[in-house]
Every structure is written in structure tokens, then in C-alpha cells.
Amino acid sequence: MSDGKLPKLSEIAAFTEYMATGWDSPRRTAPLVAGAAGAAAAHRARLAAALPGQSVLVSAGRAPVRANDTHYDFRVDSDFYWLTGCAVENAVAVVRDGGCTLYLPPPAGPGEPEFFTDATYGELWVGPSPSLAEWAAALGCEVRPLADLDGEPQPPSDEVRRVLAELRMIKDEWEVAQLREAVDRTVEGFAAVVGEIPAAVAGGGERWLQGTFDRYARTHGNGPGYATIVGSGAHAPTLHWVRCDGPVLPDEMLLLDMGVETRGHYTADVTRTFPASGRFSEAQRRVHDLVEKAHRAGLAAVAPGRRFTDFHHAAMEVIARGLDDWGLLPVSVDEALSERGQHHRRWLVCGIGHHLGLDVHDCAKSRPEAYQGAAMAPGMVLTVEPGLYFHAHDTTLPPELRGIGVRIEDDLLVTADGAENLSASLPLDASGLEIWMKNNKENA
Ligand code: GLY
Ligand code: MN
Ligand code: MN
């Protein structure tokens with residue numbers, strides 16, 4: 001040891017031998033979410049009908065490197081999960097005609113040098129894993145060691161990703177249950193955040209509320225389904241304010257866009273906006289009322305057979321007319337609403353909603369004619385989320401509107417005869433939000 005080097009444990013024969021003995025078998029149950037394997041089998045059957053006789057290879061993916069030998073959190077590839085119900089890092093699935101062969105990194109347990117040398121798979125480093133046989137029994141698939149796979153797995157083609165995205169648009173019963181769970185936990189997470197507003201105003205700031213929701217999401221699901229947005233005051237109009245590093249100002253609007261991802265990897269995506277003080281000012285209420293009106297028009301346009309873009313147009317028309325009433329449009333409402341106008345979108349540059357599921361922006365690899373251009377159908381789950389984003393430095397606005405940002409976002413299930421608002425337990429209107437805030441602050 002005089003040269004300063006540490007001994008390499010795997011090169012010490014006596015140590016390796018010693019480490020191979022004296023271990024009881026740890027718990028090795030496959031970590032499957034109830035119902036996930038059955039749902040995945042049904043998904044494979046749907047893929048088989050779309051691509052008969054075709055082999056599709058999908059990888060679970062790997063955690064991205066953060067630096068050197070440390071990594072960001074692993075999140076399984078959504079198509080992989082949809083087809084297998086399994087969320088093992090670095091796994092590969094070959095799916096064909098409804099069947100599936102899963103290639104898994106075998107656990108490195110006692111008796112193998114990797115048991116104590118391999119920081120990726122060694123059980124002393126990462127904890128015990130189920131055997132391949134246990135995975136096979138749990139998933140109802142053939143399971144083989146990753147080393148049996150010939151060569152580097154190639155990612156699925158764009159065409160296969162498209163087919164999967166379009167199949168994933170219609171959620172089955174198990175997926176709808178997952179999404180209900182995601183939304184219910186998210187609504188509870190909103191209540192938890194409201195209870196922490198005094199601590200945020202007292203100094204914790206946006207970070208405190210972000211941390212509150214993320215902890216709630218981690219405890220009751222896998223974690224947040226996307227980067228939590230907590231925007232106070234001038235940050236509220238910033239569409240994706242994921243920096244969450246500002247103070248929470250009591251009299252300013254607070255925009256919360258948050259979603260819990262369930263253990264089964266489905267996420268909610270819900271937004272509410274209200275002043276941290278719990279009392280809307282006249283200007284804040286005016287903006288909120290207009291967004292609420294647009295939101296209700298959007299909600300009413302979600303039904304089977306209606307075009308996906310119908311709710312977008314319904315909400316946009318309300319927004320354009322409201323802005324015109326306030327004298328903000330530089331052209332007529334008709335011109336603004338025309339394809340060559342869109343002036344109202346200065347204050348709403350994003351879309352009004354998207355499919356929701358395993359990904360927050362689910363099914364995004366679909367063809368436009370199967371997404372925006374298609375009719376809504378029972379089993380689709382989507383968001384409706386109009387807003388108005390008046391930036392503090394927008395000189396076209398009267399001073400009282402500058403720095404107010406409002407979004408209202410709900411998650412809807414298209415049903416046989418309309419739509420169900422899964423997040424309806426959160427109030428939509430300013431007065432309802434005031435009461436809801438008061439109750440949650442008192443219960444905190
Ligand atoms: N939270 C991202 C979105 O609303 O689409
Ligand atoms: Mn959102
Ligand atoms: Mn959204």
C-alpha cells in the first residue's frame with residue numbers, strides 16, 4: 001500500500017471467495033404495478049393488428065449521464081412501458097404478433113464478482129433484483145439475458161413510433177384508472193401546496209412550493225410527470241416557468257402547473273392560478289374571468305366526433321372577443337381570428353391542449369391528420385388549457401394588466417356521449433378558488 005493505491009477487491013481471490021458465501025436470499029419480487037402486465041399484453045395485441053408479422057424492438061433506455069459516473073433519474077421509455085408493463089433500465093423488448101421476448105440485464109448476486117464490483121448492476125450497489133425467471137412469471141413473457149441480444153439494439157423507426165403514438169391515443173380501462181389516480185393525487189398535491197403558501201411568502205419562495213409538490217408527487221406516485229411550474233407575479237406569464245427560483249409575492253398571481261406521475265407512469269397535467277393572498281384584485285379577477293369563460297367554451301367543445309381543434313377554436317374566439325372588448329386588439333375580431341391575423345395570440349402563443357397519458361404531451365409523434373385533424377373518440381384523454389399571458393414589459397397593455405398571467409388547465413376523458421372532467425374537483429372560478437384556498441390554508 002506504500003504506493004498509495006487501494007487494493008482491487010476483485011483481484012483478491014480470498015476476498016472474492018469470502019464474498020460469495022454467507023448471504024441469505026433477499027426479497028426478489030418483480031416490482032410490477034397491478035394490472036400493468038395484462039394491459040401491456042392487450043397493447044401488444046393492438047400493435048399486432050396494426051403491424052401483423054412485424055418485429056418491433058424497443059428499449060427501456062438508460063438514465064442520462066449527469067457527470068462522470070453519476071446519472072440523472074431513470075425514466076422508462078413510454079412505448080417500452082406501454083408494450084411490456086416493465087420499467088427495468090436498459091431492458092430491450094422484441095415484440096411480434098402479440099408475443100414478447102424481453103432481454104434483461106441479469107442481477108449480479110452473490111457468487112459473481114459483479115455482486116460487489118459493478119455499480120450499475122451489482123446488488124451491493126443497487127439492491128436486489130428479481131431473477132429472469134421471476135420476471136417471466138410476472139409478465140407472462142419469455143425473458144432472456146441481455147447478452148443474448150445480437151449487436152446493439154437499433155431504435156424503432158419513425159414509422160413504428162408513429163404507429164405506437166396513434167395506438168396510444170385511445171386509453172383502455174387500466175390506463176384511464178391510472179390517469180384518474182394521477183389527477184386525484186395531483187388535486188391533493190395542489191391542496192398541499194396551498195397549505196405551504198405562508199411559508200413560501202415568508203421566504204421559501206417558488207422553490208418551497210415546487211419542493212412541496214414534488215415531494216407530494218414522489219410520495220404518492222413516481223414523482224412529478226414533468227417539470228413543475230410555480231410562477232409568481234411577473235413569472236406567471238412565462239409559459240414554462242420551470243426555474244421556480246423567485247419569491248412568492250402575496251398580492252401577485254401565482255400560477256401552478258403540476259402533475260403527479262403514478263407508479264404506473266401515467267401523468268396528470270393541471271393548472272390553477274390565483275393570488276397568493278387568496279383575494280383577487282379587480283384586474284386579476286377580470287383576466288381570470290375571461291380565461292375561465294374561454295375554458296368553459298373549450299370544455300363544452302370536447303365530445304366524440306368533434307374535431308380535436310374545435311375546443312382550440314372555441315376558446316380562442318372567446319379570448320379574441322374579450323380582448324377586443326378591452327380595446328386591446330389592433331384589428332377587428334374577425335381579422336384577428338382569420339388565419340392571416342391571430343393578433344390575440346400575442347398573449348397566448350401556445351396551443352389550447354394536448355393528449356395526455358404516459359407522457360405529458362402524449363402521442364406527439366402522431367401524424368397531424370390523426371391528431372389535430374382527427375375527430376375525438378371515446379377513450380382519449382386530453383387537456384384543455386387556455387390562458388392569457390400579459391408580460392410585465394409589454395407596452396401595448398394598460399399598466400394594471402401588465403405582469404398578470406393566468407392559465408386554467410383540466411384533464412378530460414372523452415366518453416361515449418361527451419367528456420368527463422377528471423380534475424373537476426378543483427374550482428374554476430375566482431370566487432370558488434378564494435373559498436378553496438381559504439379552506440386549504442385553514443386545514444394546513
Ligand atoms: N405543463 C405543460 C403543459 O401544460 O403542457
Ligand atoms: Mn400544464
Ligand atoms: Mn398541458
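Rules used in this analysis
- Residues numbered from 1 in each chain as written.
- Chains lettered and ligands numbered in written order.
- Predicted model: local features only at pLDDT ≥ 70, side-chain atom pairs only at ≥ 80, totals over all residues.
- Heavy atoms only, no water.
- Disulfide = S-S within 2.5 Å.
- Phe/Tyr/Trp six-rings, centres within 6.5 Å; stacked < 30°, edge-to-face > 60°.
- Helix = DSSP H or I, 4+ residues; strand = E, 2+ residues; numbered from the N terminus.
- Buried < 20%, exposed > 50% of the residue type's maximum accessible area, 1.4 Å probe, protein only.
- Donors = N, O, S within 2.8 Å, 3.2 Å for Na, K, Ca; no water.
- Tetrahedral: all angles 85-135°; square planar, octahedral: opposite > 155°, others 65-115°.
- Patch = residues over 30% accessible without salt bridge, like charges linked within 9 Å, V, L, I, M, F, W, Y side chains within 5 Å.
- Areas by Shrake-Rupley, 256 points an atom, 1.4 Å probe, with all protein chains shown as cover.
- Salt bridge = Lys/Arg side-chain N within 4 Å of Asp/Glu carboxyl O.
- Near = heavy atom within 4 Å.
- Polar contact = N/O pair within 3.5 Å; in protein donor to acceptor, adjacent residues only side chain to side chain.
- Nonpolar A, V, L, I, M, F, W, Y, C, P; charged D, E, K, R; others polar.
- Pairing = 2+ DSSP bridges.
- Axes fitted to C-alpha atoms, helices over the stretch in contact; angles between N-to-C directions.
- Parallel < 35°, antiparallel > 145°, perpendicular 65-115°, else oblique.
- Left-handed = near helix turned anticlockwise from the far one by under 90°.
- Contact = heavy atoms within 4.5 Å.
- Expected span 1.5 Å × (residues − 1).

1. Comments concerning the state of the cysteines
Covalent bonding between the sulfur atoms of two cysteines is what defines a disulfide. Overall, the coordinates contain zero disulfides when judged by the stated rule. Left without a disulfide partner, Cys-363 is nearest to the cysteine sulfur of Cys-350, which lies 19 Å away.

2. A short note on the packing of aromatic side chains
Following the criterion strictly, the structure yields seven aromatic pairs and no others. An angle of 70 degrees between the planes, with centres 5.1 Å apart, marks the rings of Phe-308 and Phe-311 as edge-to-face. In this pair, Phe-308 and Phe-311 both sit in helix H11 (residues 308–325), three residues apart, roughly one turn of the helix. According to the relative accessible area criterion, Phe-308 is buried, its value standing at 6%. Taking the relative accessible area as the measure of exposure, Phe-311 reaches 1% and is therefore buried.

3. Some details on the coordination of the manganese ion (ligand 2)
Distances from the manganese ion (ligand 2) to its protein donors, namely Asp-257 (OD), Asp-257 (OD), Asp-269 (OD) and Glu-409 (OE), fall within the range 2.0 to 2.3 Å. Taken together, the six donor atoms coordinating the manganese ion (ligand 2) span angles of 58 to 171 degrees at the metal, a pattern that classifies the geometry as irregular. Read in sequence order, the donor residues coordinating the manganese ion (ligand 2) give the pattern D-x11-D-x139-E. In this structure, the manganese ion (ligand 2) lies 3.3 Å from the manganese ion (ligand 3), and both are coordinated by Asp-269. Of this pair, Asp-269 sits in the loop between strand S10 (260–261) and strand S11 (270–275) while Glu-409 sits in the loop between strand S14 (404–407) and strand S15 (410–414), placing them 140 residues apart in sequence. Here the two residues Asp-269 and Glu-409 agree in accessibility, since each one is buried.

4. Brief notes about a nonpolar patch on the surface
Side chains of Trp-23, Leu-124, Trp-125 and Val-126 sit close together on the surface and give an oily, nonpolar patch of about 440 Å² of accessible area. Among the secondary structure elements, Trp-125 is positioned in helix H5 (residues 123–126).

5. Describing the site of ligand 1
Neighbouring residues of ligand 1: Tyr-226, Asp-257, Asp-269, His-354, His-361, Glu-385 and Glu-409. The side chain of Asp-257 places a nitrogen or oxygen atom 3.0 Å from a nitrogen atom of ligand 1. Take His-361: an N or O atom from its side chain is 2.6 Å from an oxygen atom of ligand 1. Protein burial of ligand 1: of its 190 Å² of free accessible surface, 91% is covered by the chains. Residues that form the shell around ligand 1 fall into these classes: one nonpolar, two polar and four charged.

6. Some thoughts on the sheet that holds strand S1 (residues 55–59)
Whenever strands of a sheet pair, they do so through backbone hydrogen bonds, lying parallel or antiparallel. If you walk across this open sheet you meet the four strands as S1-S4-S5-S6, and the pairing is mixed. A strand with exactly one partner marks an edge of an open sheet, and here the two such strands are S1 and strand S6 (142–145). Each neighbouring strand pair of the sheet contributes to a mean axis angle of 20 degrees, computed without reference to strand direction. When strand S4 (residues 92–96) meets strand S5 (residues 99–104), the two strands line up antiparallel, connected through five bridges. Bridged to Val-92 within S5 is Tyr-103.

7. So, the packing of helix H10 (residues 282–300) against H11
The N-to-C vectors of H10 and H11 enclose an angle of 155 degrees; their axes lie 7 Å apart at closest approach. Looking at the two axes, H10 sits roughly antiparallel to H11. Considering the relative orientation of H10 and H11, their crossing is right-handed. Mapping the contact onto sequence places Leu-290, Lys-293, Ala-294, Ala-297 and Gly-298 in H10 and Phe-311, Ala-314, Ala-315, Val-318, Ile-319, Gly-322 and Leu-323 in H11.

8. Some words on the coordination of the manganese ion (ligand 3)
Between any two of four tetrahedral donors, the ideal angle at the metal is 109.5 degrees; between two of six octahedral donors, it is 90 or 180 degrees. Asp-269 (OD), His-354 (NE2), Glu-385 (OE) and Glu-409 (OE) make up the full set of protein donors to the manganese ion (ligand 3), lying at 2.0 to 2.2 Å. The buried category is assigned to Asp-269, whose relative accessible area is 3%.

9. A look at helix H2 (residues 36–50)
Its 15 residues place the ends of H2 21 Å apart at the C-alpha level, agreeing with the 21 Å of an ideal helix rising 1.5 Å per residue. Three or more residues of H2 are buried, namely Ala-36, Ala-37, Ala-39, Ala-40, His-43, Arg-44, Leu-47 and Ala-48.

10. With respect to the side chain of Glu-434
When you line up the elements, Glu-434 lands in helix H13 (residues 430–443). Reaching out from Glu-434, the side chain makes a polar contact with the side chain of Arg-279 at a distance of 2.7 Å. Here Glu-434 is in contact with Gly-278, Arg-279, Phe-280 and Arg-285, once residues within four sequence places are set aside.

11. As for the pattern of salt bridges
Under the criterion given, the structure shown has 30 salt bridges. One salt bridge in this structure joins Arg-185 and Glu-181, with 3.1 Å as the shortest N-O distance. Of the two residues, Arg-185 and Glu-181 are both situated in helix H8 (residues 173–195); the distance of four residues between them amounts to about one turn of the helix. Residue Arg-185 is classed as buried on the basis of its relative accessible area of 18%. Judged by its relative accessible area of 31%, Glu-181 falls in the partly exposed class. For the salt bridge of Arg-407 with Asp-257, the shortest nitrogen-to-oxygen distance reads 2.9 Å. Residue Arg-407 is located in strand S14, and its partner Asp-257 is located in strand S9 (residues 253–258); the two are separated by 150 residues in the primary sequence. The class of Arg-407 is buried, set by a relative accessible area of 2%. Ionic contacts of the salt-bridge type, sharing partners, join the residues Asp-77, Asp-79, Arg-161, Arg-168, Lys-171, Asp-359 and Asp-362 into one network.

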